Each structure stands twice: as structure tokens, then as C-alpha cells.
Amino acid sequence: MSISPSFAINHMATPSLDYADFIALADRLDCSGVEFRNDFSGVELFDGEPAANVKAAVAEKGLRILALSEVKRFNDWSDAKRDEARRMIETAVECGAEALALVPVNDADFLSDSEARARALRNALEELAPLLSEAGLIGFVEPLGFEISSVRTKREAVNAIMDVGVQDRFQLVHDTFHHFIAGETEFFPKITGIVHISGVVDPTVQPNEMRDGHRALVDAADRLGNVVQIGTLYRDGYRGCVSFEPFAKSIHKLSDPYAALMQSMDFIRTNLKTQET
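Thresholds, definitions, all that
Residues numbered from 1 in each chain as written. Predicted model: local features only at pLDDT ≥ 70, side-chain atom pairs only at ≥ 80, totals over all residues. Heavy atoms only, no water. Helix = DSSP H or I, 4+ residues; strand = E, 2+ residues; numbered from the N terminus. Rg over C-alpha atoms; globule rule 2.2 N^0.38 Å. Buried < 20%, exposed > 50% of the residue type's maximum accessible area, 1.4 Å probe, protein only. Contact = heavy atoms within 4.5 Å. Areas by Shrake-Rupley, 256 points an atom, 1.4 Å probe, with all protein chains shown as cover. Lys, Arg positive; Asp, Glu negative; His and termini not counted. Charge placed at Lys NZ, Arg CZ, Asp CG, Glu CD. Polar contact = N/O pair within 3.5 Å; in protein donor to acceptor, adjacent residues only side chain to side chain.

Enquirer: Which residues make up the overall build of the protein chain, and what are the values?
Expert: What the protein chain contains, in helices and strands, is nine helices and ten strands. A compact globule built from 277 residues should have a C-alpha radius of gyration of about 19 Å, and the protein chain, at 18 Å, falls within 12% of that. Oriented by its inertia axes, the alpha-carbon framework of the protein chain measures out at about 45 × 40 × 35 Å. Counting every position in the protein chain, which comprises 277 residues, the buried fraction comes to 53%. Long-range pairs, those at least 24 residues apart, make up 73% of the contacts in the protein chain between residues at least 6 apart in sequence. Here the protein chain has roughly 12100 Å² of accessible surface; of this, 46% comes from carbon and sulfur atoms. Of note, the protein chain has its 28 positive side-chain charges centred 3 Å away from the centre of its 43 negative side-chain charges.

Right, dumping it as C-alpha cells:
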């Protein structure tokens, strides 16, 4: 089959750009959509611009806000976490986002018992489901492949979603970096809502030593097998977007992010063609 991925960019790819320049870059790259974040130090979400204005600016370019990131430590549920989630849901609705990113606790000291972690995840999903349903949003659950993560694999997330019976309200984030460092082999294209891509090109770092700071763009030196992962997902039925999410400071400092991102897109497209059958 012929694979033509729909690309998007996460604001983490260019955190120094204000929201308007970020939207303009996505438009120039002919992206399908964008993802905004609330976790840039010292920077307000949307640079303080009203969410409704951001919605209009994105729509004017024919783009979509695929997701708003993020509710951190979502599986450490409490009254305070419910209030935080509600505020983010309200903002997501105001800006026209289609989904809300949910990131689990990444701390080895959080509920060291695996059964307690499983119960905490299921409880959070049960609590979030009606809030998301009322707002017409999807929750994107993003397993983190680090050894200390409380939800390390997509299998854990899928089992919880199915057990609680909330598959109409939650989907997975397939992150190529986290898929690799967790040693995952399973793909869940039918329950995947978005794919995050980044490449590790440092030849010296070991998989168990890989951290967000190693995450660059995808090119010929990529060690994560991004092209194979993307190809597998699309061949098995995934039809969503592939969103660039590099964390490396070297990428954030690029003087011409457009050229670098376009080069990576072209690399991926070209090499996906070699997988076609």
C-alpha cells in the first residue's frame, strides 16, 4: 500500500516561537494540525492570548488543534487533580482542541506496588471519562517508556481502558521514542489517536540511558526505527497524524526550523516508499 502520512507539529518542536509564529510555521509546512502545550517554563499557554482567538487563528489557516497538552500525573487522582483537569478541559473546548493529553506519573516512588498502580490508572480513567464526554473531547493517554514510569507500556494503558469500558473516550499516544525505550513490540493502531515522533541520533547513548534531551529530528542516523514504526501503524489501519515532538536543545536552537522539519518530512516520506508492497 502507498503510505502518505499526515504531518503535524507539537509546540515542543519550536518552543521559542510564539503561538502565532508557530501556527504560521505549521501552515508553511503544509501540516494537518498542531499541538499546544502548557508546560513551558515562565510562558503562559497561548502567550496569554484568549483561547477563542487562537481557535480563530488556527481555523483561518485550515489547521486543526489535535491536542492540548497536558494534564501531568493524571493517574495520581485527587480533588485538586479533578479541578486541574476541568480547567484544562474548559480551555481545550474554548480553543477548539480535539483531545487532551494525559501524562502519567514518572516517579519510581509512586505506588511501587504494580496492583496499586493499576487501580490508580483505572480510577483516573473512570473519573475523567464523564468530564471528557460532557465536553466532547478524547483523552490521549501517553505511556512513558522510562523504567520509573507508572504507566510504561501501551499494553498497560489498553488493558485499563478496556477493563473500565471507556474506549469511546480514550485513545493512545504512540510515541516512537517511548515505544523504543520500553522495548515494546505491540502496536495498537485502531486505538491510537496520535503518533509522536523524534529521533535519537547519538550513537553512544544506551537505550536505558536515553532521555528527552536526546530526542532530535528523524534522519538517516535515527536509532529508534521511526520509519518502520510509522509504516507498521499505517499498514495496520492507523489513519491519524504524525506529530514532531523533539526535545533536544539543539533542535530548539535551530535558526531555520522550517528547513530542518521539511528535510525530516522528506526523509520519512522517501523511506516509507521503500516499505511499500
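Enquirer: Talk me through the side chain of S264; I want residue IDs and the actual numbers.
Expert: Along the chain, S264 turns up in helix α9 (residues 257-273). Setting aside residues up to four positions removed in sequence, S264 forms contacts with L217, V218 and F244.

Enquirer: Any chance you could break down the side chain of R215 for me, citing the residues and the numbers?
Expert: With respect to the secondary-structure elements, R215 resides in strand β9 (residues 215-216). A distance of 3.3 Å separates polar atoms of two side chains, one belonging to R215 and the other to E245. With residues near it in sequence (within four places) discarded, R215 still touches D175, F177, H178, S198, G199, E245, P246, F247 and A248.

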